[in-house]
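Architecture at a glance
Here is how the chains run, residue by residue.
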Amino acid sequence: MPRSRPASAHAIGTRYDRLLHVWPEGWSAFAAVCVFAAVYVIAHMLVRLPFTDVIAVDWVGETVYAQTIDWGQTPKYPPLPAWLLWAVHQVTGPGALSTLIVKYAALWGAFVAYFLAARRVLKHDGWAVLATLSVLLLFQVAWNAHEGVTHTIFLTLAAPLTLLAVLRAEARNDLLSYAGLGVAIAIGALAKQAYFAGFAALVLAMLVQPGFRRVLINPRIIGTLLVAAALAVPHYYWAFTSGFDFSRAASSTLARPELGGVAIQILSGLWSSIRAPLLFLMPLLPVLLLIFPQAFRPSNILHPGGHGAVGADPVRLVRDATLAGILVLAIPVLVAGVAHYGERWMHPLMLWAPIYLIAMVRAVRPSARRLSLFMGVVLAVTLLALGWRLAGFVAPSKLTCGKCRLAEPYTALADGLAELGFAGGTVLAGDEHIAGNLRTHFPDARVVALNYGYYDPPQQPDRAAGQCLVVWRSGAREGTAVIPPAALAYAGVTGLPEGALVQAFRLPKLRASGPEASSRFAAVLMPAAGRCR
């Protein structure tokens, strides 16, 4: 690669200083990103909060887990979201607001960390801002992040935070920077196990360049490992000694036995190793291809320009980490027969890719018109996503919100249960959605999700025995409500005891219409029995 590349990159930076200065005069780019990210997450919170207090899909489980603060609540997933939710509950109590505070604080931090990492890679505020805005053209961030993800939202934070920490460690070479890298690794490790795949890809990319290899062999890396271990190892020790079958859980998610022979599964897995990363980059990739076609010339893809120290080019690091991500996906396919990857799992592997794509755009010196068009597309898609979410709350339907779980009438259900006579004790819920949402309305009750066998919140010995309330979704017809056998087993009874109250509920969903505009529940309220008290 020609040695004049760094000077060329500087010239491009100078040329675009004014054009890419899209933030108010007198503001720093960092302050502008902080404010923009805050406006963005608050807008999504305000679109949500006035219309429903229902807890979103994946957060119901974390709301159940947040009854206690432990090294782990389930071996399947690390506890970081539950820990933070528990902390917020001490101030706000359980409910939709607490989950939104945790989620959008993480998403705000992800945008800020992404900008800081992109600025270290691209060495220019304007291009770093553009790279950060481009993330809003990733479906998994622009839409899916708002619709329910929990652990993945912390991967969205951990990925740019880890890249930033690596770049800081290489540039500063001090113990504090290496300790910061340990914190970033611990955040990723406590967010979701998939983080390790992305970290492996980044390490492979670091091995290619001497400057980044020195980070890995620097004695200060011991400090990194000690910090990461102190924060993350206790949970993983608990998880691996719990008896949980991780290989079976992974197989049920990644295998596709219906495909037939081993060869077909391997071919499916290799195709998925390419397909999933490409789908993750939608619609950003085709938008860039249409607006900046010259950026995708083969020569530019291979050498979009760099400006780091010799042997420590951050642009090349991001490129190699992205390519290594595909290799990391392919290895389990060949070794273990993995047959499927979902694009929603690609955050730790592909979230850095937009920085590299923007480096490709920068290298071809695009016109002001094309850059303005791209920023207009980002704005339009962002407003469209916000508007579509608003429509899903104002007029829930299959078209606007799919299953519309946020329209479920849990407030009316809680009112009905209170009228039935439930005053406190243990709630045995037929699924995590009922469990998490009833915690909002009965915050002092002990809530058990019967389908969450690994988490049984402890009894509170200092509290008098309360009642036992069983709540589940009843059948489609009246008279088909059958108490779940798991509830009877948990309470240590074989049938309903004397004095038990049984109630069926048919409740209208929030602002919904049509044949699926109501939900059916059933409840049994009985005296304390067994572990249900």
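Structural notes, computed from the coordinates.

Here we take up helix 15 (residues 262–280). Its 19 residues place the ends of helix 15 26 Å apart at the C-alpha level, agreeing with the 27 Å of an ideal helix rising 1.5 Å per residue. A bend of about 25° at serine 272 is the largest found in helix 15. Every buried residue belonging to helix 15 is among Gln265, Gly269, Ser272, Ser273, Ala276, Pro277 and Phe280, and all of these are buried.

Trans is the common state for peptide bonds, and a negative phi is the common state for residues other than glycine. Cis geometry marks the peptide bond from methionine 282 to proline 283, where omega comes out at -5°. Inspection of the secondary structure puts proline 283 in the loop between helix 15 and helix 16 (284–291). A positive phi angle is found at lysine 123, which is not glycine, with a value near 55°. Along the polypeptide, lysine 123 turns up in the loop between helix 5 (96–122) and helix 6 (125–134). Residue class for lysine 123 comes out exposed when judged on its relative accessible area of 51%.

The next thing to look at is the packing of helix 18 (residues 314–336) against helix 20 (residues 353–363). To characterise two packed helices, one gives the angle between the axes of the helices and the distance between these axes. At a closest axis distance of 9 Å, the pairing of helix 18 and helix 20 adopts a crossing angle of 125°. Judged by the angle between their axes, helix 18 and helix 20 are oblique. By crossing handedness, the relation of helix 18 to helix 20 is classed as left-handed. Every residue of helix 20 that contacts helix 18 at Val315, Val318, Arg319 and Thr322 is listed here: Ala353, Ile355, Tyr356, Ala359 and Arg362. When grouped by side-chain class, the residues that make up the contact of helix 18 with helix 20 number 6 nonpolar, 1 polar and 2 charged.

Moving on, we get to the state of the cysteines. Considering all chains together, one arrives at 1 disulfide under this definition. Here cysteine 468 engages in a disulfide with cysteine 532; their sulfurs sit 2.0 Å apart. The sign of the S-S torsion, about 100°, decides the handedness of the disulfide formed by cysteine 468 and cysteine 532: right-handed. Here cysteine 468, found in strand 3 (residues 467–473), pairs with cysteine 532, found in the segment after strand 5 (518–527); they are 64 residues apart in sequence, far enough to count as distant.

Looking now at the packing of aromatic side chains. Counted by the stated rule, this structure contains 16 aromatic pairs. The interplanar angle of 90° and the centroid separation of 5.3 Å between the aromatic rings of tyrosine 65 and tyrosine 455 together place this pair among those described as edge-to-face. Here tyrosine 65, found in helix 3 (residues 59–65), pairs with tyrosine 455, found in the loop between strand 2 (446–449) and strand 3; they are 390 residues apart in sequence, far enough to count as distant. Members of the aromatic cluster, connected to one another through ring pairs, are Tyr195, Phe196, Phe199, Tyr236, Phe240, Phe244, Phe246 and Tyr454. When the ring centre of tyrosine 490 is taken as origin, the NZ or CZ atom of arginine 531, which lies over that ring, is 4.0 Å away.

Among the 7 residues that make up strand 3, 5 are buried, leaving the element largely enclosed by the rest of the structure. Relative to strand 3, strand 1 (residues 425–429) is paired through 5 bridges, and the arrangement is parallel. Across the sheet, threonine 426 pairs through a bridge with cysteine 468, a residue of strand 3. In the sheet, strand 3 pairs with strand 5 via 7 bridges, with the strands oriented antiparallel. Across the sheet, residue leucine 469 finds its bridge partner in strand 5, namely leucine 525.

Okay, a nonpolar patch on the surface next. A contiguous nonpolar surface patch, about 750 Å² in accessible area, is contributed by Leu204, Leu207, Leu267, Leu270, Leu327, Ile331, Leu334 and Val335. Elements with a contribution of two residues or more to the nonpolar patch: helix 11 (195–208), helix 15 and helix 18. With 4 residues, helix 18 is the largest single contributor of residues to the nonpolar patch. With respect to the helices and strands, the residue leucine 204 is situated in helix 11. Using a relative accessible area of 35% as the deciding quantity, one classes leucine 204 as partly exposed.

Time to look at the pattern of salt bridges. Here the idea is simple: oppositely charged side chains can pair when their charged atoms come close. Under the counting rule described, the total for this entry stands at 9 salt bridges. One salt bridge in this structure joins aspartate 320 and arginine 319, with 3.0 Å as the shortest N-O distance. Per residue, the accessibility class of aspartate 320 equals that of arginine 319, and both read buried. Through salt bridges with shared partners, one network takes in Glu408, Asp431, Arg473 and Lys509.

Moving on: helix 23 (residues 410–420). Along helix 23, the positions that sit buried rather than exposed are Tyr410, Leu413, Ala414, Gly416, Leu417 and Leu420. Down the axis of helix 23, the buried set is contained in an arc of 160°. They therefore lie on one face. Contact partners of the buried residues in helix 23: helix 24 (432–441), strand 3, strand 4 (501–508) and strand 5. One or two steps after helix 23, the chain reaches glycine 421, where phi turns positive at roughly 125°.

Counting residues in hydrophobic clusters, the biggest one holds 144 residues, and the most contacted among them are Leu163 and Phe374. The element best represented in this core is helix 5, accounting for 12 residues. Not counting residues up to four positions away in its chain, the partners in contact with phenylalanine 374 are Leu130, Ser134, Leu137, Leu284, Val287, Leu288, Ile291 and Phe292. Within the second largest apolar cluster, 16 residues are counted, among which are Val448, Cys468, Trp472 and Ala487.

Reading the values: the criteria
- Residues numbered from 1 in each chain as written.
- Predicted model: local features only at pLDDT ≥ 70, side-chain atom pairs only at ≥ 80, totals over all residues.
- Heavy atoms only, no water.
- Helix = DSSP H or I, 4+ residues; strand = E, 2+ residues; numbered from the N terminus.
- Expected span 1.5 Å × (residues − 1).
- Bend = angle between axes of the 7 residues up to and from the residue.
- Buried < 20%, exposed > 50% of the residue type's maximum accessible area, 1.4 Å probe, protein only.
- Axes fitted to C-alpha atoms, helices over the stretch in contact; angles between N-to-C directions.
- Parallel < 35°, antiparallel > 145°, perpendicular 65-115°, else oblique.
- Left-handed = near helix turned anticlockwise from the far one by under 90°.
- Contact = heavy atoms within 4.5 Å.
- Nonpolar A, V, L, I, M, F, W, Y, C, P; charged D, E, K, R; others polar.
- Disulfide = S-S within 2.5 Å.
- Phe/Tyr/Trp six-rings, centres within 6.5 Å; stacked < 30°, edge-to-face > 60°.
- Lys NZ or Arg CZ within 6 Å of the ring centre and 35° of its normal.
- Pairing = 2+ DSSP bridges.
- Patch = residues over 30% accessible without salt bridge, like charges linked within 9 Å, V, L, I, M, F, W, Y side chains within 5 Å.
- Areas by Shrake-Rupley, 256 points an atom, 1.4 Å probe, with all protein chains shown as cover.
- Salt bridge = Lys/Arg side-chain N within 4 Å of Asp/Glu carboxyl O.
- Arc of directions from axis to C-beta.
- Core = buried A, V, L, I, M, F, W, Y, C linked by side-chain atoms within 4.5 Å.

Remember that the coordinates give geometry; whether it matters functionally is a separate question.
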